[in-house]
Amino acid sequence: RQRQMCIRDRLPDVLSRVRSALSDGGVFYCSFKHGGFEGERDGRHYTDMVPDVLEGLLRDSGFVPIELWVSEGSGFTWTNAVSKVDGHRRASHSDV
């Protein structure tokens, strides 16, 4: 079975599906390599992210960002986010 890549254009749908899978008040953590790169690197597909863009994607998907930060680890710079589910918003995709 071939792995599906999470390209930038698919992130709103993916995040809306994650949001729908969580209960109201549920917490979600995600991290991306920091930056604006998207494509193949060392034989793998990467979608890098910066905090401002990630915050917008999370908000648009019905999450309330609690904290976004940039960190160093494993020789890379990471964009991290912890968000919670806003019980008053629903995912915008009807096929979730």
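All residue numbers refer to position in the chain's written sequence, counted from 1. pLDDT decides what is reported in this predicted model: residues at 70 or higher carry local features, side-chain atom pairs at 80 or more are listed and counted, and totals for whole chains, interfaces and linings draw on all residues regardless. The basis for the side-chain values is all heavy atoms of the structure; hydrogens and waters are excluded.

**A closer look at the environment of G35**
Applied cut-off: Starting at the N terminus, helices and strands are each numbered in turn, a helix being any DSSP run of H or I of at least four residues and a strand any DSSP run of E of at least two. Only protein chains enter the calculation, and the probe is 1.4 Å; a residue is then buried if its accessible area is under 20% of its type maximum, exposed if over 50%, and partly exposed in between. Contacts are residue-level and defined by heavy atoms, with any inter-residue pair within 4.5 Å sufficient.
Relative to the elements of secondary structure, G35 occurs in the loop between β1 (27-33) and β2 (38-41). With relative accessibility at 18%, the residue G35 sits in the buried group. Separated by 16 residues in the primary sequence, G35 and P51 place their C-alpha atoms 9.2 Å from one another. Sequence-distant contacts of G35, that is, excluding residues within four places in its chain, are made with D48, M49 and V50.

**Brief notes about the pattern of salt bridges**
Once the charged atoms of two side chains with opposite charge are near each other, the side chains can pair. Rule in force here: Put simply, a salt bridge is a Lys or Arg side-chain nitrogen that is within 4 Å of an Asp or Glu carboxyl oxygen.
On inspection of all chains with the given rule, the structure shows 5 salt bridges. Of the charged contacts, one joins D13 and R17 as a salt bridge, the two residues approaching to 3.0 Å between their closest N and O atoms. In this pair, D13 and R17 both sit in helix α1 (residues 11-21), 4 residues apart, roughly one turn of the helix. For R17, a relative accessible area of 36% puts it in the partly exposed group. Put simply, D24 and R19 hold a salt bridge, and the shortest N to O gap is 3.6 Å. For R19, a relative accessible area of 2% translates into the label buried.

**Here's the deal with unusual backbone geometry**
In this structure, D42 takes a positive phi of about 55 degrees despite not being glycine. Turning to its location among the elements, D42 is positioned in the loop between β2 and β3 (44-47). Accessibility expressed as a relative area gives 76% for D42, which makes it exposed. Located in the positive-phi region is S74, a residue other than glycine, with phi close to 55 degrees. With respect to the secondary-structure elements, S74 resides in the loop between β4 (63-73) and β5 (76-85). Residue class for S74 comes out exposed when judged on its relative accessible area of 70%.

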